[in-house]
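# Inside the fold
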Amino acid sequence: MSAKPPTTWYELKPQAGFPDRRFVLKATLGGAALVSTLSVSEAQTPAVLLDGYTPVYFTADEWAFIRAACARLIPSEGDGPGAIEAQVPVFIDRQMAGDFGNAADWYMIGPHDPSADQRLGFQSPLTPAQIYREGIAAVDAWCKTEKGKIFVELDPPAQDDVLDQLHSGKHQLKPELRDFFSLLLQNTREGFFADPMYGGNYKMAGWKHVGFPGARGSFLEWANTTDVAYPLGPVSIAGDRG
């Protein structure tokens, strides 16, 4: 392992030829070395799959926002697959349509104090799915006012600026929506690394990228190996092999 990484992706500095948002992965993995075995043909396939996917929860405009935002948080440029190649937007859509999005196992009975100190935990009366819906609308309205276009119509540097402002608190949403960006970032990471059965991590792209074995039955002989690419490829819960 390398030295302890910064606490957030925002604090990590870009390297030459290496997009800032790629550091979402390095922050998530605690600075571990990244190993990519995804082929070019595999990386190009999901764009078509996303175009043919019908969202379960998001509207067409919301779906466009999610695709654009995920593409900036983990970009396709760089040393491995991005959020689009891993079908992260599909994962997020299915999560919002399911128990997580509906806060099915969360305590959601009031009183709520959305303006309370964030260290007191989640305080919004809205479910994650509602936060996404209202958060996307609020961000698009702000982008339209401040930048003349909604988020998806902005160029990548302008989109990065919007995400930076949301993360840093320079642009604050109303208290009920203040968890919007943290949810988006959390779910993007999860969609990149979760088992493919949940819709993301297409063809185990995320696992291949970091050399993670997945649900392989035995990994003992490689558990303490460092600086060597894992040679066998991952296995999903369903038994698919990468």
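Right above here is the structure, for reference.
Keep in mind it's a predicted model, so treat the numbers as computed, not measured.

Taking 1.5 Å of rise per residue, 13 residues should cover 18 Å, and helix α6 (residues 156-168) covers 18 Å from first to last C-alpha, within 8% of that figure. The set of residues buried in α6 consists of Ala158, Gln159, Asp160, Val162, Leu163, Gln165 and Leu166. Those residues of α6 hidden inside the fold are in contact with α3 (60-73), α5 (128-147) and α7 (180-193). Backbone nitrogen of alanine 158 and a side-chain oxygen of the N-cap are separated by 2.9 Å at the start of α6; the cap is aspartate 155. Where α6 terminates, the next one or two residues include glycine 169, which has phi positive at roughly 85 degrees.

Bringing unusual backbone geometry into the picture now. In this structure, the amide linkage connecting glycine 110 to the following residue, proline 111, adopts the cis form with an omega of 10 degrees. Inspection of the secondary structure assignment puts proline 111 in the loop between α4 (88-97) and α5. In the Ramachandran plot, lysine 203 falls in the positive-phi region, its phi being about 50 degrees despite a non-glycine side chain. Its location among the elements puts lysine 203 in the loop between α7 and α8 (205-210). Positive phi values are uncommon outside glycine, yet methionine 204 reaches one of about 60 degrees. Structurally, the position occupied by methionine 204 is in the loop between α7 and α8. Given the relative accessible area of 4%, methionine 204 is considered buried.

The next point concerns α4. For the α-helix, the turn length of 3.6 residues means that residues three or four positions removed from each other point alike. Counted residue by residue, α4 has eight buried out of 10 residues, so it is predominantly covered. Among all positions in α4, only Val88, Pro89, Val90, Phe91, Ile92, Asp93, Gln95 and Met96 are buried.

We now examine the side chain of aspartate 93. For aspartate 93, the position within the fold is in helix α4. The residues touching aspartate 93, leaving out its near neighbours within four places in the chain, are Tyr53, Pro55, Val56, Tyr57, Phe58 and Trp63.

All told, the structure shown has seven salt bridges when counted by the stated rule. The shortest N-O distance in the salt bridge between glutamate 134 and lysine 174 comes to 3.5 Å. Of the two residues, glutamate 134 is situated in helix α5 and lysine 174 in the loop between α6 and α7; the sequence distance between them amounts to 40 residues. The class for lysine 174 is partly exposed, based on a relative accessible area of 44%.

Calculation rules
- Residues numbered from 1 in each chain as written.
- Predicted model: local features only at pLDDT ≥ 70, side-chain atom pairs only at ≥ 80, totals over all residues.
- Heavy atoms only, no water.
- Helix = DSSP H or I, 4+ residues; strand = E, 2+ residues; numbered from the N terminus.
- Expected span 1.5 Å × (residues − 1).
- Buried < 20%, exposed > 50% of the residue type's maximum accessible area, 1.4 Å probe, protein only.
- Contact = heavy atoms within 4.5 Å.
- Polar contact = N/O pair within 3.5 Å; in protein donor to acceptor, adjacent residues only side chain to side chain.
- Salt bridge = Lys/Arg side-chain N within 4 Å of Asp/Glu carboxyl O.

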